[in-house]
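Residue-level structure breakdown
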Amino acid sequence: MNCSPSEVNALAIKEIEAKTILRKHKKIDSWFLSRYGMNLYRGCIHNCVYCDGRAEGYYVDGEFGSDVAVKINALEVLRRELDPKRKQTPFKPGYVMVGGGVGDSYQPVEEKYELTRKTLSLLSEKKLPVHILTKSTLVKRDVDILEKINETSKAIVSFSFSSSDEKINRIFEPGVPSPRKRLDTISFFKDKGIACGMFLLPVIPFITDTNAVMDKTLQDAQDIGVDFIIFGGMTLKEGKQKEYFLNILKRHYPKLMSEYQMIYRGSKWGEAIHEYYDQLHLTFHSLMKQYKIPTRIPPELFKEMLSENDLVVVILEHLDYLLKLEGKKSPFGYAAYSLSQIQEPLSTILHKVDTIKGVGKTTEKIIREILATGSSTFYEHLLIR
Ligand code: SF4
């Protein structure tokens, strides 16, 4: 839905006062490399059919897809939150994640309110790195600020896709610029020297998860030179999200209804059965072998930025993902969790790092290498193989 400013006025927009803007994570988020995230809108006019913002558990008011709450005081609240005099604990390094959650930061209302633009200017003033995740080409409007952020701290602009297929996009992402336009916008930012990622998330079961559709999407991503591709399956939570999705599915793909009933059997968080995800990851992994594109944000985009503890946690979590993607067991996820609870810098407790839960000889060796070089050769090898 590409709304004109007058159409934006006609939508059900509610201006609200937010108490907080920055969402602080308990530990570094190794998908986005962020310690903090922010959403300036609740609800999303993009109206993707699979969006879990529609699920009751997110408490988004009104009719999802046409009603949006605008955090009208976002700039003022963020300024207060970033004021070093008011902060009890120092700001932790990492990208500030702009987007995700229950509303795209560049959905059409942003044309009128410019909250993302204003808050980005503030983040730029504070020299904070930024990672944007959007489906909208409107992000091009802010290229001036993003180039500045990229020079002083670092910026990543990521786009999410369920595939690069135009016909499927029109059914499942009715309010979003076409995949071609999103791919062209990635090229635009790459030409400006800004790193870009593809979030192939969610792939839609039996529709965009086929070998042919995924292969074409990965090929398109490679052609424009994305820096990484992060991949994930779809969840369907019981209630509004599942009902809405299945109604559209029935209209366009009636023969798939029974397959969906089989793989989505009412789990609490809406996951499909694990056999489906296992197969999906194997398909993705075998396709990615041809493309040699990292399946996590690569270390050159974060190793100079994070604290030493966060760097170790991120690399171990990435290793855990990469090994599991290959169908192997991994000790690194558990070790990463234990290490994320440690307050002292790891370099000061290296002599007793093997006493931390989950840290065995191999993990210790990798930790030592990361602290000495900023990365791990084993990890870098796995990342692009
Ligand atoms: S753009 Fe994102 S937040 Fe908006 S409807 Fe689509 S999936 Fe949901």
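A quick note: this is a predicted structure, and the numbers were derived from the prediction, not measured.

1. As for the pattern of salt bridges
The tally for this structure, following the rule as stated, stands at 16 salt bridges. E317 is the salt-bridge partner of K27, the closest N and O atoms lying 2.6 Å from each other. One end of the pair, K27, is in strand β2 (residues 23-29); the other, E317, is in helix α12 (residues 308-325), and 290 residues separate them in sequence. By relative accessible area, K27 is classed as partly exposed at 21%. Judged by its relative accessible area of 18%, E317 is buried. In this structure, a network of salt bridges that share partners links the residues E110, R117, R141, D142 and D144.

2. Looking at the site of the ligand
The immediate surroundings of the ligand are formed by C44, H46, N47, C48, C51, G101, G103, D104 and K135. By residue class, the composition of the shell around the ligand is 3 nonpolar, 4 polar and 2 charged.

3. Re the sheet that holds strand β9 (residues 195-200)
Taken in spatial order, the 7 strands line up as β2-β3-β6-β7-β8-β9-β10 in an open sheet, and their pairing is mixed. Each end of this open sheet is capped by a strand with a single partner; those strands are β2 and β10 (228-231). Taken pair by pair, the neighbouring strands of this sheet meet at an average axis angle of 25 degrees, ignoring direction. Here 6 bridges tie strand β8 (residues 155-161) to β9, and the two strands are oriented parallel to one another. The residue of β9 that forms the bridge with V157 is C196. Each of β9 and β10 is contacted by helix α8 (residues 211-224), which is oriented at about 175 degrees to β9, the strand it contacts most.

4. Some remarks on the packing of α12 against helix α14 (residues 361-373)
Between α12 and α14, whose axes approach to 10 Å, the crossing angle comes to 130 degrees. The angle between the axes of α12 and α14 places the two elements in the oblique class. Read as a crossing pair, α12 and α14 show a hand that is right-handed. Packed against α12, whose contacting residues are E308, L311, V312, I315, L316 and L319, the element α14 presents T363, I366, I367, I370 and L371 at the interface. Across the contact of α12 with α14, the residue classes tally to 9 nonpolar, 1 polar and 1 charged.

5. Remarks on unusual backbone geometry
Of note, the amide linkage connecting L201 to P202 takes the cis form, showing an omega dihedral of 0 degrees. Within the secondary structure layout, P202 lies in the loop between β9 and α8. A positive phi angle is found at K127, which is not glycine, with a value near 60 degrees. As for its placement among the helices and strands, K127 is situated in the loop between α4 (115-125) and β7 (130-134). Backbone geometry at K154 places phi at a positive 150 degrees, although glycine is not the residue there. Mapping K154 onto the fold places it in the loop between α5 (143-152) and β8.

6. A look at α8
Quick reminder: α-helices carry 3.6 residues per turn. Residues three or four places apart thus point the same way. Look at α8: 20 Å from first C-alpha to last across 14 residues, which is about the 20 Å you get at 1.5 Å a residue. Inspection of α8 places V213, M214, T217, L218, D220, A221 and I224 among the buried residues, and these make up the whole buried set. The buried side chains of α8 occupy one side of the element, clustering within an arc of 155 degrees when seen end-on. Of the exposed residues in α8, the ones pointing more than 90 degrees away from its buried face are A212 and D223.

7. Regarding the nonpolar core
Judged by nonpolar contacts, the single largest core of 130 residues is most densely connected at L120, L123, I229, F245, Y260, L316 and L339. With 11 residues, the single largest contributor to this core is α12. With residues up to four places along the chain from it excluded, the contact list for Y260 reads I204, P205, F206, I207, M234, L236, F245, L246 and L249.

About the criteria used
Residues numbered from 1 in each chain as written. Predicted model: local features only at pLDDT ≥ 70, side-chain atom pairs only at ≥ 80, totals over all residues. Heavy atoms only, no water. Salt bridge = Lys/Arg side-chain N within 4 Å of Asp/Glu carboxyl O. Helix = DSSP H or I, 4+ residues; strand = E, 2+ residues; numbered from the N terminus. Buried < 20%, exposed > 50% of the residue type's maximum accessible area, 1.4 Å probe, protein only. Near = heavy atom within 4 Å. Nonpolar A, V, L, I, M, F, W, Y, C, P; charged D, E, K, R; others polar. Pairing = 2+ DSSP bridges. Axes fitted to C-alpha atoms, helices over the stretch in contact; angles between N-to-C directions. Contact = heavy atoms within 4.5 Å. Parallel < 35°, antiparallel > 145°, perpendicular 65-115°, else oblique. Left-handed = near helix turned anticlockwise from the far one by under 90°. Expected span 1.5 Å × (residues − 1). Arc of directions from axis to C-beta. Core = buried A, V, L, I, M, F, W, Y, C linked by side-chain atoms within 4.5 Å.

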